[in-house]
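Close look at the chain arrangement
Chain by chain, the residues run as shown.
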There are 10 protein chains.
Amino acid sequence: MNKQEMSAEILAAKKRSGASWAALAEAVGAHEVWVASCCYGENSMPEPYASKLCTALKLTSEVKDALVEYPVKGQSLGQLVPTDPLVYRFYEILQVYGLTLKDVIQEKFGDGIMSAIDFTMDVQKQEDPKGDRVVVTMSGKFLPYKKW
Amino acid sequence: MNKQEMSAEILAAKKRSGASWAALAEAVGAHEVWVASCCYGENSMPEPYASKLCTALKLTSEVKDALVEYPVKGQSLGQLVPTDPLVYRFYEILQVYGLTLKDVIQEKFGDGIMSAIDFTMDVQKQEDPKGDRVVVTMSGKFLPYKKW
Amino acid sequence: MNKQEMSAEILAAKKRSGASWAALAEAVGAHEVWVASCCYGENSMPEPYASKLCTALKLTSEVKDALVEYPVKGQSLGQLVPTDPLVYRFYEILQVYGLTLKDVIQEKFGDGIMSAIDFTMDVQKQEDPKGDRVVVTMSGKFLPYKKW
Amino acid sequence: MNKQEMSAEILAAKKRSGASWAALAEAVGAHEVWVASCCYGENSMPEPYASKLCTALKLTSEVKDALVEYPVKGQSLGQLVPTDPLVYRFYEILQVYGLTLKDVIQEKFGDGIMSAIDFTMDVQKQEDPKGDRVVVTMSGKFLPYKKW
Amino acid sequence: MNKQEMSAEILAAKKRSGASWAALAEAVGAHEVWVASCCYGENSMPEPYASKLCTALKLTSEVKDALVEYPVKGQSLGQLVPTDPLVYRFYEILQVYGLTLKDVIQEKFGDGIMSAIDFTMDVQKQEDPKGDRVVVTMSGKFLPYKKW
Amino acid sequence: MNKQEMSAEILAAKKRSGASWAALAEAVGAHEVWVASCCYGENSMPEPYASKLCTALKLTSEVKDALVEYPVKGQSLGQLVPTDPLVYRFYEILQVYGLTLKDVIQEKFGDGIMSAIDFTMDVQKQEDPKGDRVVVTMSGKFLPYKKW
Amino acid sequence: MNKQEMSAEILAAKKRSGASWAALAEAVGAHEVWVASCCYGENSMPEPYASKLCTALKLTSEVKDALVEYPVKGQSLGQLVPTDPLVYRFYEILQVYGLTLKDVIQEKFGDGIMSAIDFTMDVQKQEDPKGDRVVVTMSGKFLPYKKW
Amino acid sequence: MNKQEMSAEILAAKKRSGASWAALAEAVGAHEVWVASCCYGENSMPEPYASKLCTALKLTSEVKDALVEYPVKGQSLGQLVPTDPLVYRFYEILQVYGLTLKDVIQEKFGDGIMSAIDFTMDVQKQEDPKGDRVVVTMSGKFLPYKKW
Amino acid sequence: MNKQEMSAEILAAKKRSGASWAALAEAVGAHEVWVASCCYGENSMPEPYASKLCTALKLTSEVKDALVEYPVKGQSLGQLVPTDPLVYRFYEILQVYGLTLKDVIQEKFGDGIMSAIDFTMDVQKQEDPKGDRVVVTMSGKFLPYKKW
Amino acid sequence: MNKQEMSAEILAAKKRSGASWAALAEAVGAHEVWVASCCYGENSMPEPYASKLCTALKLTSEVKDALVEYPVKGQSLGQLVPTDPLVYRFYEILQVYGLTLKDVIQEKFGDGIMSAIDFTMDVQKQEDPKGDRVVVTMSGKFLPYKKW
């Protein structure tokens, strides 16, 4: 069972069960964004978590094995420039604020990057009378360039 | 004076003055990320802010006029897939977590998108003995798809 | 059932029934362009509308469930530059009038964009002895750029 | 003087004069969208109109000659997929509603296309307490495919 | 039955029957280039013609229905730059003579285009002792740009 | 003097003189399409023709020398997919009729191609009460594939 | 049977039989490079040759029919820039020596091209104590550009 | 002086002198294709050869120094798919015969490639009453894949 | 059995057996990187090695035959710019250090390249209290450019 | 002074001085690959090193300032797929061995990547009677994917 088939099975089971990502995350004992990214085949989910998820969603051990596998990442989107409007907005932020981000981060930290590996992400709903807001928080370890 | 020339002049003046983006933001009365994005030519900076910035950095009124202009955005990066490692990491996050973000946001809010226009962004340094962390917070208004 | 299979089933049923988009829109209680876009898998159609559509076209509840799903959008065209002559003409309008549109809109409204989310579109046939005309009207909420 | 230089001169003169596209359109005796598209070098402006425009903006006869020239079109945007958020939204509409437009138009008119040559476009501001709306109206002659 | 399947069936039947495009065109009562383009799924063939073609080639009514459908065009080639040498030569003509064609046509007709919709094409064999020549004649209605 | 500079000088001189391509072709003793293609830098114009052209347009011997040079072809368009509407229509014909052309030509001639080197092209205006027509005739030597 | 299926069948039969391209070429009475190119579906192989090949490799008449078909060429590689190291080296030669080839050929022959249609190619092994050498010889008819 | 400026100077001097590549090759004591490739900036020409060339063409020592420099190769063509017809024919050969070449070479030599570094190329004119032929001979060392 | 099917079978068998690449390399008598590259279908594995591998993993002779075949290389990745973060880092190194590598190698060796054919690669784990390090060593024969 | 101008000045000064990268590295007190990468504008060189380099090569303080600047990386190559043969070989290694590297590294280290930031590289010449070898050693910190 490859990651794509696994993803289809999990999403179908999730729909049948009616569970939200938050509920599944609690069952698994991890963060909902990370759990969802594992289910989309973009992160490997280690054994104990994978077992709990498969129990919660009544999935076979084949699905569990596929969850544990190390994925070839970046396959789920499958496009250089995304066409889906929600996903595109994040690409637009990159196009518009890319150099700004680089400069502000490097001014605060020195020459280096924000890791996308030692990395966590959170999504919150912030209620607002003028329209609720999506708040996305990314946290990545700063990695300084090495002199050698 | 076009946005590219304006950007070069401001960055040179900023370097000469030794001021940080935080200091300039305080002088202008706005957020450092927004101020930097205006200086990179990716946002329009309205008159009173632009005047304060030009006073702080001893820049001509030509620069101020260029700051006020509405920009054609997305020109500063100039590449479909960014090559700079810091900027690329945000593209990688998009490739790896794009569908996850879409699903988690839409589960919490319904069918719609996070606006990249009614949008703010913040960058903080979080000290950590295992290595300081870059914390980027994005906040965008949720826009539901319209039925008609 | 994914959106592509759903789309094929609906279009086949529509052909068998002989109903026009206008007739289906009336049956559903919504606009024909929006109804068609849901049937092409590019918009989510909420329950009551989806049920009415499936009743009108004698489709299964699987089709109805697929209609309700939130789509990954921008998949139906599947090309960066469209080759179909009718669709290409809209791309040509973008190439030829893109900056004009930007400037005229921003002169009237200030710095910002026309939303493609809080958005409706209408297509009318305007009879004309020199040749009938296609009249496409797009209406999108103006979103001003945010200062922060 | 090529179209790019012409465009820069006209836009600078327009800014100095403080005239809007609507005011210039009135001076010239044509529609503001068409006038703006000529000034961006994407349409040819015949003599009497070009003379009036150059008089209104105090521009040289070199600019007038350049306005009259037949342009190589589609050069002003210069990108396959536009990065500017306002312009991109129209590309997004094409990606999301392309096949819908094709089907609704062809159902009403038969097999054929909407001309982008025998074509006019209008932009209006529609005031709305929930947020003003941009209304773009495109009108193109229907051209049926020829059997031979 | 989609256009691709239809195309495969017609080409196989044509091969079995041994009929040339010219013979089929006579049976159908239309031009061989247009008939062939319908069979390649790039033009819609109205009922009476489609019936005659299917009778001539002993094809089912499913094929006839597929012939009548309005196609999404530009799918048969499937490449931005064609690799087949015969097809590429026409792309080369475009690369080498594109601006020449534009200038010569616009000098004779004024600012506008040659329609590819109100369009016919003919292919003749011209015998020549130095080597036979392919003569391709394209005829398209001139469409002048509209001032508004 | 390179081909691009040569082209600019010739086109400016042609405009000053008011001569049409047809008039220049007569002065040179060759076909207007070929003459125009040489002036756009896409064909080499041998000495006697080049001298006549430069005399007719009062151009320097530097221009004449540049006309005689063998060009690196396909540079004048400079885009994989042309954006200019007139030029694009020929690309559209290629996308829509490419395989049709291949099949009709090969049915008449056998396996081979139409040469784009031993090639001539003509453009005529055909008056028509329903709208004048552009008639483009291409004639290329048939080259059969070689067996060896 | 399409060219791709044909190719797979022939290559499997060739492997079973243990025959080399040279041996098959002798059986067919043609050059090994041309025979191989037909078997890869990139050239049409006329009847008598195709029959001999199918007899030699014990293949069905369906394969023979597919060999006779005129192919849509340039499909076997399927990439703009080849990734296979052996094939890439020929692309590298083109990148590095393209303009050199053009200039040296045109200095010897005048303005024109080397035909890739009236064309033969040969591959020899030249033994050499410092390492055997691959010797590829291409021979194409020179085609001069036509003046008209 | 970079390679591009060097190339322009050498080609201009060669034109003034009227010398052919063959004559220059004799003056330098090397093969005309290699000499031309050095002059196009795609190969480095060691000192004694470069001095002879500059003496023959009366060029400065700056040109000589530029000839000796190691080039960044593949810059002279500047396109992924060449548009010039002569250069394109070699790309077409690659598209049509790429896999054939791979198979025939590997059948004769085993698994490996033909070097494009330990490589020579020759161009000859072969007179032929049916039309002269261009004969291009490439010779590259065979490099077997290494097992380790 | 093609290389892709072969690869899937070997990776499944490897997983079932629990053997590491190092263990398989020992069983086969070759280096683990080379063994893995053969199993990914990117190198041909000669008979004796292939037999040993298939014995160790209890695979059929069909798999063995597929291992021996000469592959069309560069198919396993299937992307111009890799999206997987681990693979991308090597692409980033190429983007950031490409010209540096070229200059440092050519300064030490003269004008030429490092072979990717007569090439070996090794991966080691170097334990380090600040975080273990991946050490990749590439060794390729230097090939000097040939003068001719 | 931007990084590109800086790079040109340093490379010219290095050539005049006759110093090798190894000699400059010794003068600076760092590794030659890192020093070269700074001079190509792909790494920032901190003050004390930059001063020593500028003293060694007699360069102005403007060059020194440019060396200290944090670069936008990945600009020096400027191509998605490099054309220079030496640089291309590293791209080929990535295409051929990409998945192999991923699997071998992850088998030894677990799910994660090799850092290209906390990274060093070394180039050595290994003499060999069968032809000297280029030995490139890359060392990057292993970064495990984070669970959260």
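This next bit is on the overall build of chain A. When its secondary structure is counted, chain A shows 6 helices and 2 strands. When its helices and strands are written in sequence order, chain A yields α-α-α-α-α-α-β-β. If one aligns the C-alpha atoms of chain A with their principal axes, the spans along those axes are about 50 × 50 × 30 Å. Going through the 148 residues of chain A one by one, you find that 56% of them count as buried. The contacts of chain A with a sequence gap of at least 6 include a subset with a gap of at least 24, amounting to 56%.

So, about the pairing of strand 2 (residues 133-144) of chain J. With 9 of 12 residues buried, strand 2 of chain J lies mostly within the body of the structure. Relative to strand 2 of chain J, strand 2 (residues 133-144) of chain I runs antiparallel, the two being bridged by 9 bridges. Bridge pairing in strand 2 of chain J places Val136 of chain I opposite Met138 of chain J. For strand 1 (residues 112-126) of chain J and strand 2 of chain J, the ladder comprises 11 bridges, and the chain directions are antiparallel. Bridging from a neighbouring strand, Gln124 of chain J pairs with Val135 of chain J of strand 2 of chain J. A loop of 6 residues connects strand 1 of chain J with strand 2 of chain J, the two strands running antiparallel in sequence, and Gly131 of chain J in this loop sits at a positive phi of about 125°.

As a further point, take the interface of chain B and chain A. Each partner contributes residues to the interface: chain B has 57 residues there, and chain A has 57 residues. Within the residue set of the side of chain B that touches chain A, elements represented by two or more residues are helix 3 (32-39), helix 6 (85-109), strand 1 (112-126) and strand 2 (133-144) of chain B. Tallying contributions element by element places helix 6 of chain B first for the side of chain B that touches chain A, with 23 residues. Among the residues forming the side of chain B that touches chain A, the class breakdown is 32 nonpolar, 11 polar and 14 charged.

Below, the discussion takes up the relation of the copies chain B and chain A. Copies of the same chain, two in number, are related to each other by a rotation about an axis and a translation along it. Superposition record for chain B on chain A: RMSD 0.0 Å, screw rotation 180°, translation along axis 0.0 Å. Expressed as an axis order, the relation between the two copies is that of a two-fold axis. Residues of chain B ranked by C-alpha distance from the rotation axis are headed by Thr137 of chain B, positioned 2.2 Å from it. By residue overlap, the copies meet face to face through one surface: 100% of the interface positions of chain B are interface positions in chain A.

Residue and element names in this part refer to chain C. Where helix 2 (residues 21-28) meets helix 4 (residues 47-57), the axes come as close as 8 Å, and the angle between the chain directions of the two elements is 125°. The angle between the axes of helix 2 and helix 4 places the two elements in the oblique class. At the point where helix 2 passes helix 4, the crossing takes the right-handed sense. Between helix 2, through Leu24, Ala27 and Val28, and helix 4, the contact on the second element is made entirely by Tyr49, Lys52, Leu53 and Ala56.

Residue and element names in this part refer to chain C. Positive phi, close to 55°, is recorded for Lys58, a residue that is not glycine. Within the secondary structure, Lys58 is located in the loop between helix 4 and helix 5 (61-68). Classification of Lys58 by C-beta neighbours within 10 Å gives exposed; the count is 10.

Structurally, chain A comprises domain 1 (3-68) and domain 2 (85-144). Computed over C-alpha atoms only, the centres of domain 1 of chain A and domain 2 of chain A are separated by 26 Å.

The 4 strands are arranged 1(C)-2(C)-2(D)-1(D) in an open sheet whose pairing can be described as antiparallel. The open sheet is flanked by strand 1 (112-126) of chain C together with strand 1 (112-126) of chain D, the only strands paired with a single partner. Here the strands of the sheet are splayed against their neighbours by 20° on average, with no regard to which way each runs.

Strand order in this open sheet of 4 strands is 1(I)-2(I)-2(J)-1(J), and the pairing throughout is antiparallel. Edge positions in the sheet fall to strand 1 (112-126) of chain I together with strand 1 of chain J, since each of these pairs with one other strand and no more. Taken pair by pair, the neighbouring strands of this sheet meet at an average axis angle of 20°, ignoring direction.

A separate point is helix 4 (residues 47-57) of chain J. Residue and element names in this part refer to chain J. Of all the residues in helix 4, the buried ones are Tyr49, Ala50, Leu53, Cys54 and Leu57. Here the buried residues of helix 4 occupy an arc of 130° about the axis, which is enough to place them on one side. Within helix 4, the exposed residues directed more than 90 degrees away from the buried face are Glu47, Pro48 and Thr55. At the exit of helix 4 stands Lys58, carrying a positive phi of roughly 55°.

Of all the bends found along helix 6 (residues 85-109) of chain I, the most pronounced is centred on Tyr97 of chain I and spans about 65°. With 21 of 25 residues buried, helix 6 of chain I is to be regarded as a mostly interior element.

A separate point is the arrangement of the chains. The two units chain A and chain E are non-contacting; their minimal C-alpha-C-alpha distance is 17 Å. For the non-touching pair chain C and chain J, the nearest C-alpha separation works out to 19 Å.

Bringing the environment of Tyr70 of chain H into the picture now. All names here are of chain H. One can find Tyr70 in the loop between helix 5 (61-68) and helix 6 (85-109). The partly exposed category is assigned to Tyr70, around which 17 C-beta atoms lie within 10 Å. Residues Tyr70 and Gly18, spaced 52 residues apart in sequence, show a C-alpha to C-alpha distance of 28 Å.

Moving on, we get to the confidence of the model for chain A. All names here are of chain A. Looking at chain A, pLDDT values average 94 and 100% of them are 70 or higher. Mean pLDDT across the secondary structure elements of chain A bottoms out at helix 6 (residues 85-109), with 94, and peaks at strand 2 (residues 133-144), with 97. Interface confidence for the predicted complex, expressed as ipTM, amounts to 0.93; the pTM equals 0.93.

Looking at the secondary structure, you find Ser76 of chain E in the loop between helix 5 (61-68) and helix 6 (85-109). By the C-beta count within 10 Å, which is 20 here, Ser76 of chain E ends up buried. Considered as a pair, Ser76 of chain E and Tyr40 of chain E are 36 residues apart in the sequence and their alpha carbons are 7.0 Å apart. Excluding residues that lie within four positions of it along the chain, Ser76 of chain E makes contacts with Tyr40, Gly41 and Glu42 of chain E together with Leu99 of chain F.

What counts and how
Residues numbered from 1 in each chain as written. Chains lettered and ligands numbered in written order. Predicted model: local features only at pLDDT ≥ 70, side-chain atom pairs only at ≥ 80, totals over all residues. Helix = DSSP H or I, 4+ residues; strand = E, 2+ residues; numbered from the N terminus. Buried ≥ 20, exposed ≤ 12 C-beta atoms within 10 Å, placed from the backbone. Contact = placed C-beta atoms within 7 Å. Pairing = 2+ DSSP bridges. Nonpolar A, V, L, I, M, F, W, Y, C, P; charged D, E, K, R; others polar. Least-squares fit on C-alpha atoms with pLDDT ≥ 70 in both. Axes fitted to C-alpha atoms, helices over the stretch in contact; angles between N-to-C directions. Parallel < 35°, antiparallel > 145°, perpendicular 65-115°, else oblique. Left-handed = near helix turned anticlockwise from the far one by under 90°. Domains from an automatic or database assignment. Arc of directions from axis to C-beta. Bend = angle between axes of the 7 residues up to and from the residue. pLDDT = per-residue confidence, 0-100.

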